[in-house]
Amino acid sequence: MSRGMTLIETLLAVGMTSIVGAGISGMMHVLSSDVAMQHEVRTGIVRAALVQSRLSSYVGRCRCLVDLEPNQAVIWLCDDNGDDAVGAAEVRWLHHDEHTGTATIRWIDTDTPDTLPVWDTPESVDWWQQLDTLGSRADTRVGRLELAGDLGGFSFRDTFNGSALNRRRDAMERRRIEVDLDLKLGADTRAHRIGESIRLHRAPGGEAAP
């Protein structure tokens with residue numbers, strides 16, 4: 001003849017069920033946190049790879065850098081006319097704005113490229129002043145492309161700490177740059193480091209690029 005559970009047995013069963021339930025709940029919480037963390041890691045890696053790809057499309061194929069500071073760089077992208085001098089239309093300005101959290105590439109566009117200046121001694125040029133001056137002309141436009149957004153930080157490593165003239169000379173000799181990124185991911189940021197080498201480095205006034 002079967003009998004029901006005693007009060008003690010019932011309490012033990014309830015206690016065991018509660019313990020097992022708490023263990024399962026804790027395990028699910030850990031798994032959920034781990035999945036969320038892995039998603040953030042993957043998102044950070046994908047975003048860093050995207051910034052790397054965009055940076056490479058400029059730095060990798062450029063002739064050389066003509067200026068480099070912690071949060072900005074000036075790139076001699078190409079020598080379109082083969083004169084071995086830096087023309088305004090051949091330059092790209094890369095700047096990180098810490099207030100907007102964006103890194104932006106800018107360039108000068110015009111329907112009359114022959115009116116743009118050409119510099120034989122780029123180490124003596126204040127490139128950011130030139131960008132402002134050229135951008136204010138009636139016959140030019142400033143093109144813009146966002147290289148990266150949602151940045152907590154963007155800084156070039158090992159920049160030259162000296163006079164503007166020597167800084168530009170140093171930039172023109174560089175064949176590789178590295179950038180420390182802080183990517184915003186929700187309420188957190190994740191640090192990444194990217195870099196790129198100039199494949200065919202040719203400083204202005206040197207041997208013409210092949």
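Residues numbered from 1 in each chain as written. Predicted model: local features only at pLDDT ≥ 70, side-chain atom pairs only at ≥ 80, totals over all residues. Heavy atoms only, no water.

Attention shifts here to the sheet that holds strand 4 (residues 91-97). Spatial ordering of the open sheet is given by 1-2-4-5-7, a layout of 5 strands whose pairing is antiparallel. Looking at which strands have only one partner, the edges of the open sheet turn out to be strand 1 (64-69) and strand 7 (140-148). Within the sheet, the average angular offset between the axes of one strand and its neighbour, ignoring direction, is 20°. Examined bridge by bridge, strand 4 and strand 5 (residues 102-110) share 5 bridges and lie antiparallel to one another. Bridge pairing in strand 5 places W93 opposite R106. Along the sheet, helix 2 (residues 127-135) makes contact with strand 1, strand 2 (72-76), strand 4, strand 5 and strand 7, crossing strand 4 at roughly 105°. (Pairing = 2+ DSSP bridges. Helix = DSSP H or I, 4+ residues; strand = E, 2+ residues; numbered from the N terminus. Axes fitted to C-alpha atoms, helices over the stretch in contact; angles between N-to-C directions. Contact = heavy atoms within 4.5 Å.)

All right, on to the nonpolar core then. Counting residues in hydrophobic clusters, the biggest one holds 26 residues, and the most contacted among them are F154, F156 and L181. Mapped onto this core, the elements with two or more residues apiece are helix 1 (7-59), strand 1, strand 2, strand 5, strand 7, strand 8 (151-156) and strand 9 (176-185). Per element, the largest residue contribution to this core is 5 residues, and it comes from helix 1. Apart from residues no more than four positions distant in its own chain, F154 is found in contact with P70, N71, L94, H96, A103, V179, D180 and L181. (Core = buried A, V, L, I, M, F, W, Y, C linked by side-chain atoms within 4.5 Å. Buried < 20%, exposed > 50% of the residue type's maximum accessible area, 1.4 Å probe, protein only.)

Bringing the environment of D182 into the picture now. If you trace the backbone, D182 turns up in strand 9. Judged by its relative accessible area of 31%, D182 is partly exposed. In the structure, D182 is positioned 27 residues away from S155 in sequence and 9.2 Å away in space, judged by C-alpha atoms. If we skip the residues at most four places from it in the chain, D182 touches D150, L151, G152, G153, R190 and A191.

What is shown is where atoms sit, not what they do.
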